Amino acid sequence: MRVLEDSEIIKNKVILHKNDEKILALLCFNIRLPLSKIAKLLRLSRQSVEYRIKVMQRHHLIAGSRAVINIKKIGYQSYHFFLTMQNTSSEKTFIELCKNHLSVNALISYSGKFNYEVSIMEKNPNAALIKLLSLIKGLEVADIMPTILLENIKSSVLPSLQEPKLSSLKYIRNDPSFVKQFFAQQQNYIPDDKDLELLYQLSQNAQLTLSDLGNKIKLTNDAVAYRIKKLVRAGYILEFRPVIDYAVLGLSIQAVLLKVRNRTPELDTQFHAHIKQNTSVVWATSLFGNWDYLIYLLHERQEEIHSFIESLKDKLSNNFSSYDILFAYKEHKYSYMTEAMRKG
């Protein structure tokens with residue numbers, strides 16, 4: 001997901017060289033990969049890799065890191081609400097309330113039919129609705145559209161990058177990236193309160209060392225490593241990924257809400273295949289609500305949005321019904337786990 005929180009930061013467009021792209025592709029695969037392993041894979045010196053990553057960070061291209069958490073495994077669901085506020089006073093209050101709310105994991109500002117998209121992580125729709133109503137109490141809201149995320153279709157960081165060759169990544173001694181566990185057969189594991197705290201900390205910063213994590217949750221390094229291995233193998237941790245500021249690459253992100261006619265499993269399969277191979281789609285999910293799909297589209301020029309919509313019309317043919325485009329211009333908050341989930 002993009003990051004535009006620090007709008008005051010002066011950003012110059014960064015041109016990635018071939019080795020930069022290769023390094024970034026490996027970091028997108030797993031931000032915890034050791035520098036020595038990246039250097040060996042790309043036949044570069046460790047110092048060169050470290051320098052190039054520091055340059056990316058200095059230019060705010062890499063703006064942080066997050067662990068992607070499978071919230072369904074801990075009994076939660078993501079509920080997205082699209083809203084239009086009637087005045088700037090209500091907007092300012094709503095933004096501050098969302099930023100500080102323990103159950104809100106994301107808030108994005110749009111220009112278009114809706115002003116905001118807020119994501120609330122809760123155990124059921126009623127609980128999410130109660131949280132939303134508490135957020136907008138006393139505010140002047142012109143329109144609200146609730147949606148429930150059903151199935152994740154695609155989730156990528158920079159889909160245009162060539163995927164790295166992963167054959168030798170399974171064999172890293174004392175591996176801080178836990179790559180081997182991601183490839184291993186899934187195991188059952190029931191997390192306790194310490195595990196939930198560990199998940200939360202990694203969801204905020206995926207590059208915390210074992211020592212940092214141990215200090216935060218009062219465990220030894222070996223105990224932390226053991227728990228992370230279990231959480232990865234059981235499917236609670238899906239990825240360790242960088243936070244990319246797309247604006248530094250001269251890219252923008254837009255949300256496309258799509259409705260189809262005669263939705264069937266066959267149509268879903270066809271649509272999923274089309275979305276997965278499209279190098280402009282960062283994230284896509286099927287929805288329950290007024291719309292069938294939500295797609296986050298990465299682009300450099302407005303014509304690319306038009307081309308994407310035309311490709312959907314061509315692929316879906318008579319099943320294409322309608323769409324709406326929301327132009328994202330600021331991300332106020334985004335993480336893969338909320339503070340309220342720390343205690344289960």
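Residues numbered from 1 in each chain as written. Predicted model: local features only at pLDDT ≥ 70, side-chain atom pairs only at ≥ 80, totals over all residues. Heavy atoms only, no water.

Q: Tell me about the packing of aromatic side chains, residues and numbers included.
A: Taken as a whole, this structure holds seven aromatic pairs when the rule is applied. On the basis of an interplanar angle of 50° and a centroid distance of 4.8 Å, the ring pair of Trp283 and Tyr296 is categorised as tilted. Here Trp283 is found in strand S8 (residues 281–289), whereas its partner Tyr296 is found in strand S9 (residues 293–299), with 13 residues between them in sequence. Exposure remark for Trp283: the relative accessible area of 13% places this residue in the buried category. By relative accessible area, Tyr296 is classed as buried at 3%. (Phe/Tyr/Trp six-rings, centres within 6.5 Å; stacked < 30°, edge-to-face > 60°. Helix = DSSP H or I, 4+ residues; strand = E, 2+ residues; numbered from the N terminus. Buried < 20%, exposed > 50% of the residue type's maximum accessible area, 1.4 Å probe, protein only.)

Q: I'd like a description of the environment of Leu298, backed by residues and values.
A: Mapping Leu298 onto the fold places it in strand S9. For Leu298, a relative accessible area of 8% corresponds to the buried category. Each residue touching Leu298, except ones within four places of it in the same chain, is listed here: Leu158, Pro159, Tyr246, Leu251, Ser252, Ile253, Ser280, Val282 and Glu304. (Contact = heavy atoms within 4.5 Å.)

Q: Describe in detail the sheet that holds S9, supporting the description with residues and values.
A: The pairing of strands in a sheet comes from backbone hydrogen bonds and takes either a parallel or an antiparallel form. Reading around the barrel, the eight strands line up as S2-S4-S3-S10-S7-S9-S8-S5 and close back on themselves, with antiparallel pairing between neighbours. For this sheet, the mean angle separating the axes of adjacent strands, direction not counted, is 35°. Taken together, the seven bridges between strand S7 (residues 252–260) and S9 define a ladder with antiparallel strand orientation. Bridge pairing in S9 links Ala255 to Tyr296. Helix H11 (residues 302–316) rests against S7, S8, S9 and strand S10 (320–334) of the sheet, and its axis sits at about 140° to S10. (Pairing = 2+ DSSP bridges. Axes fitted to C-alpha atoms, helices over the stretch in contact; angles between N-to-C directions.)

Q: How would you sum up the nonpolar core? Please name residues and give values.
A: Core analysis: the biggest nonpolar cluster contains 74 residues, and Leu24, Ile228, Ile237 and Phe240 have the highest contact counts within it. Tallying contributions element by element places helix H1 (residues 18–29) first for this core, with six residues. Setting aside chain neighbours within four positions, we find Ile228 in contact with Phe178, Leu198, Leu202, Leu210, Leu213, Ile237 and Phe240. One finds Val256, Ala284, Leu316 and Phe320 within the second-largest nonpolar core, a separate group that totals 19 residues. (Core = buried A, V, L, I, M, F, W, Y, C linked by side-chain atoms within 4.5 Å.)

Q: I'd like a rundown of the packing of helix H10 (residues 265–277) against H11, residues and numbers included.
A: Two elements in contact, H10 and H11, have axes separated by 11 Å at closest approach and are oriented at 145°. Crossing geometry of H10 relative to H11 is assigned as right-handed. Of the residues in H11, those touching H10 at Leu267, Gln270, Phe271, His274 and Ile275 are Phe308, Ser311, Leu312, Lys315 and Leu316. Partitioned by chemical class, the residues of the contact of H10 with H11 number six nonpolar, three polar and one charged. (Left-handed = near helix turned anticlockwise from the far one by under 90°. Nonpolar A, V, L, I, M, F, W, Y, C, P; charged D, E, K, R; others polar.)

Q: Explain the pattern of salt bridges residue by residue, including any values.
A: This structure, assessed with the given rule, holds 16 salt bridges. For Glu96, the salt bridge is made with Lys99, and the minimal N-O distance between the two is 3.9 Å. Pair noted here: Glu96 and Lys99 are both in helix H4 (residues 88–100), with a separation of three residues, about one helical turn. Arg263 is paired through a salt bridge with Asp268; the nearest N and O atoms lie 3.1 Å apart. The partly exposed category is assigned to Arg263, whose relative accessible area is 30%. Given the relative accessible area of 17%, Asp268 is considered buried. (Salt bridge = Lys/Arg side-chain N within 4 Å of Asp/Glu carboxyl O.)

Q: Please give an account of unusual backbone geometry that cites residues and values.
A: For His60, which is not a glycine, the phi torsion comes out positive at approximately 70°. Relative to the elements of secondary structure, His60 occurs in the loop between helix H3 (46–58) and strand S1 (62–69). One non-glycine residue with positive phi stands out, namely Phe178, at about 55°. You can see Phe178 is positioned in the loop between strand S5 (141–155) and helix H6 (179–183). Taking the relative accessible area as the measure of exposure, Phe178 reaches 1% and is therefore buried.

Q: Summarise H10; cite the residues concerned and give the values.
A: Taking 1.5 Å as the rise per residue, H10 with 13 residues should run 18 Å; its terminal C-alpha atoms sit 19 Å apart, in good agreement. Restricting attention to buried positions, one finds in H10 the residues Leu267, Asp268, Phe271, His272, His274 and Ile275. When H10 is viewed along its axis, its buried side chains cluster within an angular range of 165° and face the same direction. Residues of H10 that are exposed and angled more than 90 degrees away from the buried face: Pro265, Glu266, Thr269, Lys276 and Gln277. Where the residues of H10 are buried, they touch S5, S7, S8, S9 and H11. (Expected span 1.5 Å × (residues − 1). Arc of directions from axis to C-beta.)

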